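Notes for the structure review
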Amino acid sequence: MTVTVEFFFDLSSPWTYLAFNNLQPIAAETGAEVRWRPFLVGGVFNAVNQRVYAMRADPDQTAMNRSFGWLKEWARLAGLPLNFPSPHHPVKSVLAMRCCCALEDDQQALLHFADAAFTAYFAEARNIDDPAVLAQVADALGLGGAALIERAGQPAAKDRLRANTDEAIARGAFGSPTIIVGGKHLYFGNDQLPLVRQRIVESVKIANES
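What counts and what doesn't
- Residues numbered from 1 in each chain as written.
- Predicted model: local features only at pLDDT ≥ 70, side-chain atom pairs only at ≥ 80, totals over all residues.
- Heavy atoms only, no water.
- Helix = DSSP H or I, 4+ residues; strand = E, 2+ residues; numbered from the N terminus.
- Rg over C-alpha atoms; globule rule 2.2 N^0.38 Å.
- Contact = heavy atoms within 4.5 Å.
- Areas by Shrake-Rupley, 256 points an atom, 1.4 Å probe, with all protein chains shown as cover.
- Phe/Tyr/Trp six-rings, centres within 6.5 Å; stacked < 30°, edge-to-face > 60°.
- Buried < 20%, exposed > 50% of the residue type's maximum accessible area, 1.4 Å probe, protein only.
- Axes fitted to C-alpha atoms, helices over the stretch in contact; angles between N-to-C directions.
- Parallel < 35°, antiparallel > 145°, perpendicular 65-115°, else oblique.
- Left-handed = near helix turned anticlockwise from the far one by under 90°.
- Nonpolar A, V, L, I, M, F, W, Y, C, P; charged D, E, K, R; others polar.
- Polar contact = N/O pair within 3.5 Å; in protein donor to acceptor, adjacent residues only side chain to side chain.
- Patch = residues over 30% accessible without salt bridge, like charges linked within 9 Å, V, L, I, M, F, W, Y side chains within 5 Å.
- Salt bridge = Lys/Arg side-chain N within 4 Å of Asp/Glu carboxyl O.

Regarding the overall build of the protein chain
Per the secondary structure count, the protein chain includes ten helices and four strands. Helices and strands in the protein chain line up, N terminus first, as β-α-β-α-α-α-α-α-α-α-α-β-β-α. For a compact globule of 210 residues, the expected C-alpha radius of gyration is about 17 Å, and the protein chain comes in at 17 Å, within 12% of that figure. For the protein chain, the spread of C-alpha atoms along the three principal axes comes to 50 × 45 × 35 Å. Across the protein chain, the fraction of contacts at a sequence separation of at least 24, relative to all contacts at a separation of at least 6, is 73%. As displayed, the protein chain has an accessible area near 10,300 Å², and 52% of this comes from carbon and sulfur atoms.

Below you can see the structure in the form of C-alpha cells.
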C-alpha cells in the first residue's frame, strides 16, 4: 500500500523550507507518495489566523527573535544553508506561488522548481518576488523562465492558487506547511514530521493487516 501525503506549501515560509527538505527522506524511507500542493499562506492567515500579523507588529519582537534562533538551529540540524531573515523578508510570494501552480500537474517539475526557489530565497537571499529571479530559477532547470512567468499570469494559474488556498482552509489549515496524511490526518510545521512519519507507518501497517 502507498500512503499519500499532501504538502500544502508557500515558498515564503522558512519552516516550510525545512519541512520540504526533511519530508523527502521520510517519503523515500516509507514509500509514501508526496503530492506537492502550492497555496498562498497569506490567504490562510487572512481567513483563519490573523494573530500572526499582530505578532509581527509587536515592537518588542521577543517571540519572533527567539523563533529565528530556533529556526537556525533546525537548519543546522537538517544540514541546510540558511541566510535569513534577508533584506527581502517578508517577501510577497503571489507570483512565485502562481508559477508553482502552473507546474502542479507536473509534480517532478514542481518539485525541482520549488527546491531551487527555496534555495534562492533562503540560502542565497534572492528576491523571489522579482519575475527576473523566478525566470532565472526556471531557466537553470530547463523549464523556460519567460514562458513560466507568462503562464503564471494566466487565469488558470491564478484560479488554481485561489482554489488550493480555499481547499486548504476548508480542510483545517492555519499556516504553512500544512501536511495531510491519507486524506484526513492533518499536521502542521517542520517539528511535527516525526508524527507524520509515524502516521504513515501506522497507516501502512493497518492496511496490510486488514
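Don't stop here, the text continues.
With respect to the packing of aromatic side chains
With the rule as written, the count across this model stands at 16 aromatic pairs. Consider the rings of Tyr121 and Phe122, whose centres lie 4.6 Å apart with planes at 65°: the pair is edge-to-face. Comparing Tyr121 with Phe122, the two get one shared label, buried. Grouped by ring-pair contacts, the aromatic residues Phe7, Phe9, Tyr17, Phe20, Trp36, Phe68, Phe84, Phe118, Tyr121 and Phe122 constitute a single cluster.

Section: the packing of helix α6 (residues 107-123) against helix α7 (residues 131-140)
For any two helices packed against each other, one specifies the inter-axial angle together with the distance between the axes. Two elements in contact, α6 and α7, have axes whose closest approach is 10 Å; the angle formed by their N-to-C orientations is 130°. For the element pair α6 / α7, the angle class is oblique. As α6 packs across α7, the resulting crossing turns out to be right-handed. Between α6, through Phe113, Ala116, Ala117 and Ala120, and α7, the contact on the second element is made entirely by Leu134, Val137 and Ala138. Partitioning the contact of α6 with α7 into residue classes produces seven nonpolar, no polar and no charged.

Focus: the side chain of Thr30
Note on placement: Thr30 falls in helix α1 (residues 14-30). Separated by 2.8 Å, the side chain of Thr30 and the backbone oxygen of Ile26 make a polar contact. Looking at Thr30, its side chain comes within polar contact range of the main-chain nitrogen of Ala32, at 3.4 Å.

Observations concerning a nonpolar patch on the surface
A cluster of nonpolar residues, Val48, Phe174 and Leu186, forms a patch on the protein surface that exposes about 220 Å² of accessible area. Tracing the backbone through its elements, the reader meets Phe174 in the loop between α9 (155-170) and β3 (178-181).

Regarding the environment of Val5
Considering the arrangement of structural elements, one finds Val5 in strand β1 (residues 4-9). Overall, the relative accessible area of 0% leaves Val5 in the buried class. Expressed as a C-alpha distance, the spacing of Val5 and Ile200, which sit 195 residues apart in the sequence, is 8.4 Å. If we skip the residues at most four places from it in the chain, Val5 touches Leu23, Ala32, Glu33, Val34, Arg35, Ile179, Ile180, Val181 and Ile200.

Here we look at the pattern of salt bridges
Applying the stated criterion across every chain, the model contains ten salt bridges. Of the charged contacts in the structure, one is a salt bridge between Arg197 and Glu29, with a shortest N-O distance of 2.5 Å. Of this pair, Arg197 sits in helix α10 (residues 193-209) while Glu29 is found in helix α1, placing the two residues 168 residues apart along the sequence. Across the salt bridge formed by Arg160 and Glu104, the nearest N and O atoms sit 3.6 Å from each other.

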